[in-house]
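Architecture at a glance
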Amino acid sequence: MLVGEGPGFHEDIQGKPFVGRSGKLLDDLLNEIGLSRNQNIYIANIVKCRPPNNRDPLPEEQEMCINFLRNQVYIMKPKIIVALGRIAAMRIIDQNIKITHDHGIFVNKKNILMMPTLHPAAVLRNMSRKEDVRKDFQNLKNKIIELGIELGQM
Ligand code: URA
């Protein structure tokens, strides 16, 4: 399971996560490690609608949506959750996380392995970070192999 921050303009219109430019980069990163959205990968967001002017979702907005995400996790029962970006990483992994320092490292939380990584939109703004995010996805691939997770086609 991948968890982003919240829908952007295109996602809000289509009602699907990561369909814009960030989504294209996300697809590329998945493809590089031999994965695609057509496998049993589930993508969710912390907040479920786009905050005004695309600002960061406020803590109270995150609180309003968090039970929805909890239910998504309960239903999907992911073995691994990748938090895409600072907002998701702070909300679901650790309030004090420093994404530039802690990205790529797995932590076990309530028996789910969680890894923070950079948000694709942040990488698009600063392409020098692409190598970092690629390494994180390589860590993800290694973890999937280590756990023997089979990702069938859907
Ligand atoms: N950014 C996010 O955090 N989530 C999306 O679904 C799209 C862009």
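This one's a predicted model, so the numbers in the text were calculated from it and none came from an experiment.

Brief notes about the site of the ligand
As a matter of local geometry, the ligand sits amid Gly4, Glu5, Gly6, Glu11, Pro17, Phe18, Asn45 and His119. The backbone of Glu5 places a nitrogen or oxygen atom 2.7 Å from an oxygen atom of the ligand. Within the side chain of His119, an N or O atom sits 2.8 Å from an oxygen atom of the ligand. Here the ligand has 230 Å² of accessible area as a free molecule, and 93% of this is covered by the chains. Looking at side-chain class alone, the shell around the ligand contains two nonpolar, four polar and two charged residues.

Side note on the sheet that holds strand S4 (residues 107–109)
Strand pairs in the sheet, formed through backbone hydrogen bonds, run parallel or antiparallel to each other. Taken in spatial order, the five strands make up an open sheet running S2-S1-S3-S5-S4, and their pairing is mixed. Looking at strand neighbours, the two that pair on one side only are strand S2 (43–45) and S4, the edges of this open sheet. Here the average twist between neighbouring strands, direction ignored, is 30°. In terms of strand pairing, S4 meets strand S5 (residues 112–117) through three bridges, oriented antiparallel. Bridge pairing in S5 links Val107 to Met114.

What to know about a nonpolar patch on the surface
A surface patch of nonpolar side chains, about 370 Å² in accessible area, is lined by Tyr74, Ile75 and Met76. By relative accessible area, which is 59% here, Tyr74 ends up exposed.

Side note on the nonpolar core
Grouped burial of nonpolar side chains is what soluble globular proteins tend to show. Membership of the largest hydrophobic core comes to 41 residues, with the highest contact counts inside it found for Leu2, Val3, Leu69, Ile81, Ile92, Phe137 and Leu140. If you list the elements that add at least two residues to this core, you get strand S1 (2–4), helix H2 (21–32), S2, helix H3 (59–76), strand S3 (80–84), helix H4 (86–92), S5 and helix H7 (130–147). By residue number, the principal contributor to this core is S3, which donates five residues. Excluding residues that lie within four positions of it along the chain, Val3 makes contacts with Ala44, Asn45, Ile46, Leu69, Ile81, Val82, Ala83, Leu84, Ala88 and Ile92.

Thresholds, definitions, all that
All residue numbers here refer to positions counted from 1 along the written sequence of the relevant chain. With the structure being a predicted model, the display of local features is reserved for residues of pLDDT at least 70 and the display and counting of side-chain atom pairs for 80 or more, all residues being used for whole-chain, interface and lining totals. Note: side-chain values were computed over all heavy atoms of the structure, leaving out hydrogens and water. A molecule or strand has a residue near it when one of that residue's heavy atoms lies within 4 Å. The term polar contact refers here to a pair of N or O atoms within 3.5 Å; inside protein, the definition further demands a hydrogen-donor-capable atom paired with an acceptor-capable atom, and it admits residues adjacent in sequence only when both atoms are side-chain atoms. Note on areas: Shrake-Rupley with a 1.4 Å probe; residue coverage comes only from the protein chains shown. Three residue categories are used. Nonpolar comprises Ala, Val, Leu, Ile, Met, Phe, Trp, Tyr, Cys and Pro, charged comprises Asp, Glu, Lys and Arg, and polar comprises the others, including Gly. Any two strands are treated as partners once DSSP identifies two or more bridges connecting them. Numbering of helices and strands runs from the N terminus; a helix is a DSSP stretch of H or I covering at least four residues, while a strand is a stretch of E covering at least two. Each axis is a line fitted through C-alpha atoms, and for a helix only the stretch in contact is used; angles between axes span 0 to 180 degrees, taken between their N-to-C directions. Like charges within 9 Å and nonpolar side chains (Val, Leu, Ile, Met, Phe, Trp, Tyr) within 5 Å are joined into patches, using only residues over 30% in relative accessible area that form no salt bridge. Salt bridges, as used here, are contacts in which a Lys or Arg side-chain nitrogen is within 4 Å of a carboxyl oxygen on Asp or Glu. The buried label goes to any residue with under 20% of its type's maximum accessible area, the exposed label to any with over 50%, and the partly exposed label to all in between, with areas taken from a 1.4 Å probe on protein chains only. Grouping buried Ala, Val, Leu, Ile, Met, Phe, Trp, Tyr and Cys residues that are joined through side-chain atoms within 4.5 Å yields what is termed a nonpolar core. In what follows, a contact means two residues having at least one pair of non-hydrogen atoms within 4.5 Å.

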